[in-house]
Amino acid sequence: MYMIIVGGGKVGLQLAKDLLADGMHEVLIIEQDAEKVTEIGQDLPDVVMLGDGCEATVLEKAGCARANMLIAVTGDDEDNLVSCQVAKQRFNVPRTVARINNPKNDEIFRKLEVDITVSATSAIMAHIEQELPTHHLIPLMKLKGSGLEVVGLRIPEDSRVVGQPVRSIMLPYQSIIALVVGEDGQAKVPTGDTILHAGDEVMAVTAHETEESLREALMAPPVARAF
Amino acid sequence: MKKVVIMGCGRVGAALAADMDADGHQVLVLDTDPAAFRFLPEGFRGTTVVGNGIDLDVLRRLGIEGMDVFVSATRGDNRNVMAAQIAKHIFGVPVVASRVFDPIREEMYRNMGLRTINPTRVQARRLKKIIEAPDDDAANVIAHEFLAQDGA
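Residues numbered from 1 in each chain as written. Chains lettered and ligands numbered in written order. Predicted model: local features only at pLDDT ≥ 70, side-chain atom pairs only at ≥ 80, totals over all residues.

Caption draft 1: Quick look at the packing of helix 4 (residues 77-91) of chain A against helix 3 (residues 77-90) of chain B. At a minimum axis distance of 9 Å, the contact between helix 4 of chain A and helix 3 of chain B shows a crossing angle of 80 degrees. As summarised for this structure, helix 4 of chain A and helix 3 of chain B are arranged roughly perpendicular, according to the angle between their axes. The residues of helix 3 of chain B that touch helix 4 of chain A, namely those facing Glu78(A), Asp79(A), Leu81(A) and Val82(A), are Asn78(B), Arg79(B), Val81(B) and Met82(B). Residues that form the contact of helix 4 of chain A with helix 3 of chain B fall into these classes: 4 nonpolar, 1 polar and 3 charged. (Axes fitted to C-alpha atoms, helices over the stretch in contact; angles between N-to-C directions. Helix = DSSP H or I, 4+ residues; strand = E, 2+ residues; numbered from the N terminus. Parallel < 35°, antiparallel > 145°, perpendicular 65-115°, else oblique. Contact = placed C-beta atoms within 7 Å. Nonpolar A, V, L, I, M, F, W, Y, C, P; charged D, E, K, R; others polar.)

Laid out in structure tokens, this is it:
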């Protein structure tokens, strides 16, 4: 897939590296600060272009018309919004993703037809909340139009699923475990045989209404049984 | 009498605020920089608010839902069109207008249903006419014609 990343800050650069490491994507970063462009060029040659990613002429030069996805990750929400809108309106880019710096803008972006919003604040909250004893699902990403979202959680020590294979877990309707990251940091797409351990980080896709059932299924302690 | 919000108190925003105030409308001017309000004329009867027009809470606090007109005229095109879309699509303000310097973006957002103006092309054409005038006096005459056309 051809992915255009608007904004060559830390987020954009890391994202480009990760996508390139996948080996399946063509990636271009558009950055308007010439110094940053030079810096990125030393690290990732031929992957960066100088320009304002909100400008149609720049996006055209970047080959936006054949891009599968445009990901706007600058530090300014208004720039991310406009970049996604120009990509959609003028170049029919099938999927636009915007980083949201102010979580209040989530509602606006989705109303204005940005496909996916990613909130840095939510990601930071995820890290903070993982340190807290309360067991919450961390909303990581909302998938526009589907009513689905990606959530993260950590399997607590007293969870009913510790030591259990994925296939034995009764997940609610419209929920699926997409990724399991073990304590060794190894991420894997689980099969039915994957055993869950305490401390595993789980990314799951779920419908908003079934969030609570999902939390219950993965994080609640075992049901007490009468013998 | 209309309730009008003008975001961006630069020279254009301030001049528009003064005109709307003189026409008897209830005007509120919004700018992130309190020093910007110096552009408003003495005797301006409207309200000034320091705040960012792309912040939902700021807009709610100033009562955006009951407003008749929202104008964004800051220096930033993206800020202007984002604020205008919030006013129109989130808060349902009936008349929403923006200045957009980039002609391509201006056309795009006009096609998307915003009221927009693009000063860039007109100004470039006018500057060209002035430099093409045979001498300074002739250039001055043309400049006055422009002012007369604008009713200034």
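Caption draft 2: Representation of the nonpolar core in the model. Judged by nonpolar contacts, the single largest core of 68 residues is most densely connected at Ile4(A), Ile5(A), Leu70(A) and Ile6(B). Ranked by residues supplied to this core, first place goes to helix 3 of chain B with 6 residues. Ignoring sequence-local partners within four residues, the contact set of Leu70(A) consists of Ile4(A), Val6(A), Cys64(A), Ser83(A), Cys84(A), Ala87(A), Val93(A) and Thr96(A). One finds Val151(A), Ile155(A), Leu196(A) and Val202(A) within the second-largest nonpolar core, a separate group that totals 13 residues. (Core = buried A, V, L, I, M, F, W, Y, C linked by C-beta atoms within 7 Å. Buried ≥ 20, exposed ≤ 12 C-beta atoms within 10 Å, placed from the backbone.)

Caption draft 3: Main features of the domain arrangement of chain A. Residue and element names in this part refer to chain A. By domain assignment, chain A separates into domain 1 (2-118) and domain 2 (133-219). On a C-alpha basis, the centroid separation for the pair domain 1 and domain 2 is 29 Å. At the junction of the two partners, domain 1 supplies 5 residues and domain 2 supplies 4 residues. Per-element tally for the side of domain 1 that touches domain 2: the top contributor is strand 6 (residues 116-119), with 3 residues. Taken together, the residues of the side of domain 1 that touches domain 2 sort by class into 2 nonpolar, 1 polar and 2 charged. (Domains from an automatic or database assignment.)

Caption draft 4: Just helix 3 of chain B, in detail. All names here are of chain B. The end-to-end C-alpha separation of helix 3 is 19 Å, in line with the 20 Å expected for 14 residues at 1.5 Å each. Here helix 3 lies mainly inside the structure; 11 of its 14 residues are buried. Along helix 3, the residues that are buried comprise Asp77, Asn78, Arg79, Asn80, Val81, Met82, Ala83, Ala84, Gln85, Ile86 and Ala87. Gly92 sits one or two residues past helix 3 and shows a positive phi near 65 degrees. (Expected span 1.5 Å × (residues − 1).)

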